[in-house]
Structure formats: C-alpha cells, structure tokens
Number of protein chains: 2
Amino acid sequence: MGEFELIRRYFASAACAAGAEGVALGIGDDCALLAPAPGEQLAVSTDTLVAGVHFPEVCDPFLLGQRALAVSASDLAAMGATPLAFTLALTLPTADAAWLEGFARGLNRMAHNCGLALVGGDTTRGPLSMTVTVFGRVPAGQALTRAGAQVGDLLCVGGVVGEAGGALELVLGRQQVAAEIAEPLLARYWSPQPQLAFGQALRGKATAALDVSDGLLADCGHISRASGVALVIESERLPASAALETLLGAERALQQKLGAGDDYVLAFTLPPRHLAELQAQWPQMAVVGRAEAGEGVRVLDARGQDITPRQGGYLHFME
Amino acid sequence: MGEFELIRRYFASAACAAGAEGVALGIGDDCALLAPAPGEQLAVSTDTLVAGVHFPEVCDPFLLGQRALAVSASDLAAMGATPLAFTLALTLPTADAAWLEGFARGLNRMAHNCGLALVGGDTTRGPLSMTVTVFGRVPAGQALTRAGAQVGDLLCVGGVVGEAGGALELVLGRQQVAAEIAEPLLARYWSPQPQLAFGQALRGKATAALDVSDGLLADCGHISRASGVALVIESERLPASAALETLLGAERALQQKLGAGDDYVLAFTLPPRHLAELQAQWPQMAVVGRAEAGEGVRVLDARGQDITPRQGGYLHFME
C-alpha cells in the first residue's frame, strides 16, 4: 500500500481535499495550500510524541490519536487562534490495520471537535512516533504572545491544573486507585480539551498567555521572562481537584499543580478590568496570583510565606 | 538544558525571532506567526527522515542537516512557491553537542541557501528522526499542482535524475568506486539542490509539476492520475550521467533514472509554446516525453518499443 493510500484510507474523515474555509488545496499534492483571509496571520506549532517517552509503548491507539492532536491544538488556543488545519507525520514500525484504524478514529474525532482539517503528512517506517503541525488563523496583531504581561495584571488559569500529571501515575502503573477517582484523571490525560473557544475569547483582553505544558511554575517562568515582570502564585487559589487530592494527598497534589505538564489548560495575565466579564462567561477560570515589578516566579502559601520549589516542570534533556 | 535553549544555541543562525519578510513572530512562543501578503497563499509540506530507513544510523550530521531541509524545500519548488520558513521537530537519543553542532551547521547552511527561516520546532528524546515542515508563499491560483497536464504537453525534467539513487549504493557501502565517480553522485545524494528558482520560473507556464521523490516512473504516475492523461517517457531522452553509467552500466543506470527517488529534481508538463523561452534560461532542463490521451505511464526505448518496468519507485509500506 502506498503512503498516500494508507493516509487516505484511515484518515479520510479528517482529510480535506479542498474547499474548507481557508484551505485551497489539501492532501495529495507536493504541498497543501492555505489561504488565510486578508489581514489574518497564520499561527503554526509543531509537537512530537515519542513512544516510551511521551506515552507508553502499549496504549489504546484511539486515545493516543486524540491526544496527539489535542496537544498541538492547545498551542493554537494559547495564541487565541481559530483552528484551521494540521499535518500529520506518522512513523510506524508496521502498518497494523487495527492500530491505524483506532488511531485514525481518535485523531479524526479530535480533529472534528477542534475544527481542524488534515491537509497533508508523511508516513514512514520506524520506531513509533508522531509529529503534528497545526495551523490557525488570527487577525494581525491580535495573537496572544507571552510577552505582554503588565505589573498589576492578574495571573489566571483556564481551569484545574495538575490532574493530568496525577493521571500519569496511573497511566504508568505506579499507583492504583478506585475507578471513580481514576476515571476523571485519566480523561484529563488522554482526552485533553484544548481551550480553543476560551483562547479566542481572551483576544484583546489577556496581555500574555500560554498553555500549561511544562508545568505551571515553569510556564509562568516563560511569561515572566518574556514580559519582564515577576509573577506570584498564591497556592491556595489554585483550583481544587478532589480526585487529585484523594489520589496524592494535599502536598503531592500541590506539587502536581505547580509542576505537571499535561493538562493543556491556559495560563494568562489579565488586566483586572476584564475579570468580571470573562468570569461570567467562563466560570471554570480562576485568578491564582498577580504580576508584580521584578523578575522570576514565587509561590506563596495561605499565610503569604514563600514556598517556591527549587525546580518545577519537566524539561527535555535537562541535566 | 531546556529545549528552547538547545534549539536556540545550535540553530541560532537559521532562527528567526521576527522581522523576516512574511514572519511576524518566530521561535519562542506557543506558535510562530506567518503573515503572507494579501493575495498570497501559503504552501505547506511535511517530511520525516528516520535513521536506518532514510539515512544510515552513522553518518555525517552536517550532510544530514543539509539533506533534511533540502528534501522538504524541494516540495516548495514543486509548487512554484517562494520559500518563507520552516519548523524542525528533532528526536534524538542523546543531546550530543558535537552531533548537534554539525547537524545545525548543515541545516543552517541549507536554510540560508534556500531563503528559509527557522520559526519553531520541538526537541524530544527518542530514536533519531526529524520532521521538517516548510512554508512558502505563492500568488493565489498560481501554484503548480499535479492536476493540470493537457494532451499535447511536453513531459520535462529539471535536470539529471537517478544520480542520487546510484549514490545510495555507495552510501550504504554496497559498491566502491573511484573518487571522481563517487563524488558527484554523493554530492547529489547528500546536498540535493532544491530547484526553487526554477520552480518559480515555471509558474504560469508548466501545467503540472512535482519533484521526483518516489522515482520518475512512479511520480509520472501521480501526474497522470491527477491530470487524467497518459504520459510517455522516451528513455533515450533522459539526461545522461557519465558517473552513473560508469558506476552501474547502461541498463542499471536506466533503472535508477526511472525508479530512484532521491534527486529532488522537478518533473513537469509544459505546453510546447513555452519550451524555447524556458530552455534558453534553464539549459539543464530536458524534454523526456509527452502527454497523450489515455491513462498510465509508458516507457519507450529508442526504437519506440515499450520497455515499461512492472514496478517502479519506492513506496513506504509497499506490500
């Protein structure tokens, strides 16, 4: 089976030959052609997931397909971009029909949920891994970067952080727990919901934004450095997760909230004048701190004491 | 070392923080922002190279860096697109400084030659592989697809095909030969020169185009199917390669010219009225056949006898 045929057969429902808004030419030529409207910019992000590193060698291909796309789509949410299209570079040890069918079903479902059309890709033989590149549209000058946080802004998150990190304990088989606790955590890990609509709602309001992928502490560090402000996280304001706290206890749950990187929830800075309007529409968001003059990120407990961990977040090739 | 730092340190000379024409935001945020001019479409292509499949496990990282980008840039040439930017997803077993330095030097050099700015990427730990996604600009409606060939068009190639395929015998150590024969072949394999300017010159002239990556015969099959025409290749008109013919003899050299896929030379169909003007400017191009009514691809020898091989070109997951 040729690679185009392989891609076409399994990914047909996400595939876009042409005609979707903003897509002039889809799968099957040397390049796809994207056609943003005048005045729009194109947001682009690339992420690779490697078996044994980012997910277990043996796992449900449906869940993996969902997750592979959601991880990248979350980067569009973080820029406030409107989803447009994606390419998939899939490296497989063998062309296993059942695996491909499951993976494609998960990918297609997430593509449909996110409004992303598959416009191209590559299929190669090798150790299992996948690279997804996503494309979104954003009016020129309105993308949410990491660089605009101002002293006096509120530091906010788009929802609960840390649950997917807690789930990793279960995914890797390190811990076992009752289904009613495991299931909500596992859902967060395997089926992250990129906050796409929320990201678009933040355009023109948030001064800096990203999706939590290295862990809240490390990601706040990215905003802090890019914007030239200090960020303060008030730990008791981090949204509660009964499942996470039952699984790990309060202290380790807090570590996950600060350090875990798989939730793909947005973190952003917001001038206080926009808070009421946003919160009315997005009740799951939470204010968790503030931007101050200075540099770095500090974590304070309920009494205002500094409890900043020395190292937060997961860095590849960290030595 | 964090991944951004890793990327920044080694790929700094290809990296684009912002400011290049068409790039509104480069490396370091959740997404890059591309800003095509009004009336322009964005051509996108993704290619993965896997160690042990697409290149030897042990090879010169400088040459690999060159080749990894050239392979994808060639897809822009095939669409007639003007190079804009690329992302690199690099998966490495270890963060080896000498290897990274060499790879980045090769990649940066090819990026500079092609006019491509690095705008984003991902660095992950795992078996060695790399996925490059390239972006080019093309005026709306002027991209060269595979679908426009007309009965009566000439079938042309942009230069010698088959040399990189011959080089593979040397790269994999299957054959040894004098340096004056090996060197031009190896150069074609390791430092393919994407025909970017030539591809742009074909805009508004060629009716269908692609870059030879599956082998001329298989790639002509792609044009034939997409355009609904038959293509005839006259084997004696394929450009001669003294090095290839010395290495393999006439018959195996012809097999490489028809079946080898690593040259990244353009193949295209051209109404005869454009031939003289193009040839005057691009003397290395050659007419190698014609488009006829019907379907499929035939190869004829000097006496007009059908010598079409039963199977040409390399297909991934071919069974």
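How each quantity is defined
Residues numbered from 1 in each chain as written. Chains lettered and ligands numbered in written order. Predicted model: local features only at pLDDT ≥ 70, side-chain atom pairs only at ≥ 80, totals over all residues. Heavy atoms only, no water. Domains from an automatic or database assignment. Contact = heavy atoms within 4.5 Å. Buried area = accessible area lost by both parts, 1.4 Å probe. Salt bridge = Lys/Arg side-chain N within 4 Å of Asp/Glu carboxyl O. Helix = DSSP H or I, 4+ residues; strand = E, 2+ residues; numbered from the N terminus. Least-squares fit on C-alpha atoms with pLDDT ≥ 70 in both. UniProt positions renumbered as here; feature names shortened; annotations may be inferred. Buried < 20%, exposed > 50% of the residue type's maximum accessible area, 1.4 Å probe, protein only. Pairing = 2+ DSSP bridges. Axes fitted to C-alpha atoms, helices over the stretch in contact; angles between N-to-C directions.

Quick word on the domain arrangement of chain A
All names here are of chain A.
Line of reasoning, step 1. As far as domains go, chain A holds domain 1 (3-139) and domain 2 (154-300).
Line of reasoning, step 2. Here the C-alpha centre of domain 2 lies 25 Å away from the C-alpha centre of domain 1.
Line of reasoning, step 3. Each partner contributes to the interface: domain 1 provides 25 residues, whereas domain 2 provides 17 residues.
Line of reasoning, step 4. Summed over both partners, the interface of domain 1 with domain 2 comes to about 1700 Å²; 62% of that surface belongs to carbon and sulfur atoms.
Line of reasoning, step 5. At the boundary of domain 1 with domain 2, the tally comes to 1 salt bridge.
Line of reasoning, step 6. A salt bridge links Arg67 to Asp262, with the nearest nitrogen and oxygen atoms 3.1 Å apart.
Line of reasoning, step 7. Elements supplying a minimum of two residues to the side of domain 1 that touches domain 2: helix 2 (61-79), strand 4 (82-92), helix 3 (97-114) and strand 6 (129-139).

A word on the relation of the copies chain A and chain B
Line of reasoning, step 1. Once chain A has been moved 0.0 Å along the axis and rotated by 180°, it coincides with chain B to within an RMSD of 0.0 Å. The relationship between the two copies is best expressed as a two-fold rotation axis. No C-alpha of chain A approaches the rotation axis more nearly than that of Pro38 of chain A, which lies at 2.6 Å.
Line of reasoning, step 2. Take the interface residues of chain A: 100% of them recur as interface residues in chain B, which is what a same-surface contact looks like.

Structural notes on the UniProt feature "binding site: ATP" (unreviewed entry) in chain A
Residues and elements named next belong to chain A.
Line of reasoning, step 1. Per the UniProt entry, the sites bearing "binding site: ATP" (unreviewed entry) are Gly121, Asp122, Arg146 and Ser213 in this numbering. For the residues just named, distributed over 93 residues, the greatest C-alpha separation reaches 31.4 Å, placing them at more than one site.
Line of reasoning, step 2. Within the secondary structure, Gly121 sits in strand 5 (residues 117-125).
Line of reasoning, step 3. Accessibility expressed as a relative area gives 24% for Gly121, which makes it partly exposed.
Line of reasoning, step 4. Among the secondary structure elements, Ser213 is positioned in the loop between strand 8 (208-211) and helix 7 (216-227).
Line of reasoning, step 5. When residues no more than four places from it in sequence are discounted, the contact partners of Ser213 are Asp219, Gly261 and Tyr264.

Thoughts on the sheet that holds strand 6 of chain A
Line of reasoning, step 1. Spatial ordering of the open sheet is given by 5(A)-4(A)-6(A)-3(A)-2(B)-1(B), a layout of 6 strands whose pairing is mixed. On the outer flanks of this sheet lie strand 5 of chain A together with strand 1 (23-25) of chain B, each paired with one strand and no other. Strand-to-strand, the axes of this sheet are offset by a mean angle of 20°, without reference to chain direction.
Line of reasoning, step 2. Summarising the sheet, strand 3 (residues 40-50) of chain A and strand 6 of chain A pair through 11 bridges and their orientation is antiparallel. Residue Ala43 of chain A lies in a different strand from strand 6 of chain A, and its bridge partner there is Gly136 of chain A.
Line of reasoning, step 3. Each of strand 3, strand 4 and strand 6 of chain A together with strand 1 and strand 2 (32-34) of chain B is contacted by helix 2 of chain A, which is oriented at about 30° to strand 6 of chain A, the strand it contacts most.
Line of reasoning, step 4. Where helix 3 of chain A meets the sheet, it contacts strand 4 and strand 6 of chain A, and its direction lies at approximately 165° from that of strand 4 of chain A.

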